[in-house]
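# Structure assessment
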Amino acid sequence: MRRSLLALRLLRRDWRAGELRLLAAAVVVAVAAVSAVSWLAERVGGASGGRAAELLGADRAVSSSEPAPAEWLARASELGLEYVRTAEFPSVVLAGDATQLVSVKAVEEGYPLRGRLQLSDAPGAPSQAVRAVPPRGEVWVEPRLLAPLDVAVGDNLDLGESEFRIARLVTVEPDRGGFFGSLAPRVMLNYDDLPATGLIQPASRVRYQLLLSGPEPALERFHAWLRQADMRGVQWRTPEDSSLGIREVMQRAKRFLGLSALLTVVIAGVAMLLTVRRYAARQVDRVAVMRCIGATAGEVTSLFAWKLFWLGLFAGLAGLALGFALHWLMLELVAELLPPDTPAPGWRPALAGWLTAFAALLGFALPTVLRLKQVPPLRVLRRDLGHDVFRGGSLYVAALAMIFLLMWWQAEDLRLAAMVGAAVLGTLALLALLAWGLVRGLRRLRARGGRQLLWLSGLTRRPGTAAVQIMGVGVGLMALFLLTVVRQDLLEAWRGSVPADAPNYFLINVQPEQVAEVRAHLRERGGVEPALYPMIRGRLTAINDKPVRPDDYRSDRAQRLVAREFNLSYGTVLPSDNRIVAGSWWGERPGSADSLSVEKGLADELGIGLGDRLTFQVAGEAVTGAVSNLRQVEWDSFNVNFFVMAPPGLLDGYPSTYITSFHLPAERQAALTELVRRFPSITVFDIGNILTTVRGIIDQGVRVVELMAGLTLLAGVIVLLAALQITGEERRFESALLRALGASRASIRGLARAEFLLIGALSGALAGGCAAVAGFVLARRLFELSYPLNAWLFPLGAVAGAVVVWLAGGAGSRRYYRGSPMRLLRGGGDA
Amino acid sequence: MHFTGPEGDIALFDGLHLSIAPGETVAILGASGSGKSTLLGLLAGLDLPSQGKVYLDGEELTALDEDARAKRRAQKLGFVFQAFHLLPTLTAQENVMLPMELTGVVDAGARAAAALAEVGLGQRLRHYPQQLSGGEQQRVAIARAFVTRPKLMLADEPTGNLDHHTGHKVADLLFRLNAEHGTTLVMVTHDRELAARCGRVLRLQDGRLEAA
């Protein structure tokens, strides 16, 4: 106790003397990064996690592509369960000439069984929580629907063949699905109004749900009963399932952000290594005095360990304050994507932040400081002793081990941790190596250049610290460049890869009898002649008569493909952007009617080859065909494409709707409004709008990551300042000496400025270069885009780096160049 | 007592015997490199002889481990160095408080203030070493050395870094406090004038001590 208080007093004195500020700053940045991410994840995750039943709107739900049959309802009543029915599907609403893709939800009286809707009377007005459904003839809509349609509460809109009055606004819909779940705004109407809209046609894509609530045993009995009947195409949903998707997205986002926070921690760790080394070196004499006046080695150890503990506690607290503020900012940035009722911030992230502080100090600072106990007390009489206490590589081993442990903790996965750890250390090592090489090159140049290359001398005199500075700042800048310039480049490249006349509209839910008329309408009014494909929903049930189940496959994608229904089609013409890679297309004269054409990726994923017999469940019947060819499909062409196609004959008799995509110039948009009026059950997807929304979501996410990169850069600047501090005594002495030899203060400052500009330019150019190469590789390997190396990143990086380092370095080093040379030369030592 | 240097081949002291009585003041003169400081380090238990024993206050210092010797230093020894060895980040008062804080003395602040007043620095408690002159810094060091009421005071060239006039005043202070506290003083110096103020003057030459 006594020692801890003494350590606290000594820490306060060290702090007053400015000894520990950079070390504390490094701790603050590290803690801020980890706690901000942790708070963000907890609150966004908690927005869905805590209220699972509300997310489902019920205790259980039965989801199907057909309305719940009467016997289900009878059975639910019999078991004393409350139930309501809902139906959800995409459609298009009209108001005047404006159209908008919406997500329609029809709800029965009693909805929601769990949770409450929040409604308001005008945008921005206060909301009330209610359990109610729209009265007949009225719709409740999401506020964001109003602007595109240019309507207000009280106005009318057309949905299918019916007209509705917008009565109120839905601000919170608990079972909406939240994160990334909702691209199109909601229109909610009474279940009884649904038939009159004429929107539900055979084979329309509708998701029906039977929401159930009641005692657990009754729910279980209903489930058991349901399982005896045919469960194909029917999904039994529990509250846990409903939050699963969100939880997965959150888990991934949290992992990614957590690892990027760790990048900051690692850089801050480098800063800690540097600052604590200097701090400890300055303590050697003091420890010798303390030992001499009676402190034992154990006392010295515990004093310094306590000092670090207190530092971690207080700097951690400051870091938590910063992290808390940052998480608010991040939360604001993604506010639109979140349910508005995020839970209050908890204490766990604070704990995580503090643990990070202590872990970082334990790994990066403590081993160095503990070496102080080896300082011999005799040093007070013999100055030559005790210089070598910090020698040896074990200090770095501890740091590396801690980096790895922190990675493991954030990634929650040993392999991922090892990979990310290797990538981070690899990047740092690469940057350090390049920096080292550059500095060595300049050094050689300087040696040959003489007087006119004097401005290089600041850098070349201290190659080690210069390399570390370049690396620290470089990593931060590289992260920022990747997130800003390279991301923008990749988006542009992707946009450029989509031809100007790529389809910008999709039509779905076209009924077979409407095909001829729709084709004629588009030809006459829109000037386009698109291919309309029949679309039949089927689920793969067997390969070569062997039943397939999701569990048979290891990859997530394969499991999903097997579990769900996908779209089959038939025709004689190979879609224009498809290419046969195995077997041959049947053309106008198929050899046999039961041939199948399978998309290459799907075939690879599920292990399907030429000649395999695939069985699909289509509208309750088994349909079997043999694979006669494999197709390569360009999915990002925006054309209609199918996993599986058949020649005419095999699938013709099954319920189908038609689908098409086409490019409609902006001046012909009226054709679509007319189309929607003529055929209300057809749904139009405006790809441009959807892409804008998706990009908006990505942008919001990226801004959060940019904040993290900003912290990384800050950590890099602390490394810079720490390295500057290490060379501080040297600079002070050099400056005094140069001035004693007749150099003006301005010329000495000029030399320092040149050094900073050079370090900044080098680290920036290096960061820009690495970011450009990373972008190039990402584009080629991951996104398969043709993207040239962005040469602009070099000069851009050099300028940005020079400015950052010049500002930070200038501010950090000013005091080394002040004061009279006489005093500086005499003072030396510890000042 | 024998002491062999770190390289092992140079014997500094050869059969050296020295006993100092309580309250005595002893000066050890010697050319630089003669081993004066090493001898002082051995007396303080900062280092161990390769052969021989050192007794402090009747207890064999050489039989104790480093931590126990540190405890004895805290209890019984005071130090004044040529280079002052004040901690630059602490004020004068905090520097004097430090040895008491290490042993957990309760009223360290007040006692440090009193000790500084005793050396004439009562007005400079909150000054940092770099704000003090050399003489003042050595007075702070003297206050730090006496504040724990040590039985033995070891001084290593206490005026070596000071000009003649200041050195003289600092020496006055050192001897005055020594007399007031009844402390045993062992001083290492090459300043004959200063050495002459001690009760006994010894010369260290070729590893042997002789009366000067």
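Remember, it's a predicted structure, so these values are computed and weren't measured experimentally.

What counts, and at which threshold
- Residues numbered from 1 in each chain as written.
- Chains lettered and ligands numbered in written order.
- Predicted model: local features only at pLDDT ≥ 70, side-chain atom pairs only at ≥ 80, totals over all residues.
- Pairing = 2+ DSSP bridges.
- Helix = DSSP H or I, 4+ residues; strand = E, 2+ residues; numbered from the N terminus.
- Core = buried A, V, L, I, M, F, W, Y, C linked by C-beta atoms within 7 Å.
- Buried ≥ 20, exposed ≤ 12 C-beta atoms within 10 Å, placed from the backbone.
- Domains from an automatic or database assignment.
- Contact = placed C-beta atoms within 7 Å.
- Nonpolar A, V, L, I, M, F, W, Y, C, P; charged D, E, K, R; others polar.
- Axes fitted to C-alpha atoms, helices over the stretch in contact; angles between N-to-C directions.

## Thoughts on the pairing of strand β6 (residues 138-141) of chain A
- The pairing of β6 of chain A with strand β8 (residues 162-172) of chain A spans four bridges and is classified as parallel. Following the sheet pairing, E138 of chain A is matched in β8 of chain A by R165 of chain A.

## Digging into the nonpolar core
Residues and elements named next belong to chain A.
- With 207 residues, the main nonpolar core has A26, V27, V29, A271 and I718 as its most contacted residues.
- Counting residues per element, this core draws most heavily on helix α8 (residues 239-292), which supplies 22 residues.
- Residues from two domains meet in this core; each of domain 1 (1-51 + 250-412) and domain 3 (414-500 + 687-831) gives at least three.
- Not counting residues up to four positions away in its chain, the partners in contact with A26 are A268, A271, M272, T275, A715 and I718.

## Overview of the interface of chain A and chain B
- Contacts between chain A and chain B engage 25 residues on the former and 26 residues on the latter.
- Breaking the side of chain A that touches chain B down by element, the ones donating at least two residues are α1 (2-16), α8 and α9 (297-333) of chain A.
- Residues of the side of chain A that touches chain B, tallied by class, amount to 13 nonpolar, three polar and nine charged.

## Here's the deal with the pairing of strand β13 (residues 533-543) of chain A
All names here are of chain A.
- Relative to strand β21 (residues 657-662), β13 runs antiparallel, the two sharing three bridges. Looking across to β21, one finds that Y533 is bridged to I659.
- Pairing analysis gives three bridges linking β13 to strand β15 (residues 566-570), with the strands arranged antiparallel. Of the residues in β15, the one forming a bridge with G538 is F566.
- Two strands pair when backbone bridges link them, and β13 and strand β18 (residues 613-618) are joined in this way by four bridges, in the antiparallel orientation. Residue pairing in the sheet places I543 in a bridge with L614 of β18.
- One ladder, built from two bridges, connects β13 with strand β14 (residues 546-547); its direction is antiparallel.

## Observations concerning the sheet that holds strand β10 (residues 208-211) of chain B
All names here are of chain B.
- Read across the open sheet, the six strands follow the order β6-β7-β8-β3-β9-β10; overall the sheet is mixed. Two strands bound the open sheet, and with one partner strand each, they are β6 (77-80) and β10. Put simply, the sheet's adjacent strands are angled 20° from each other on average, direction ignored.
- The sheet contact formed by β6 and strand β7 (residues 152-156) spans four bridges and is parallel.

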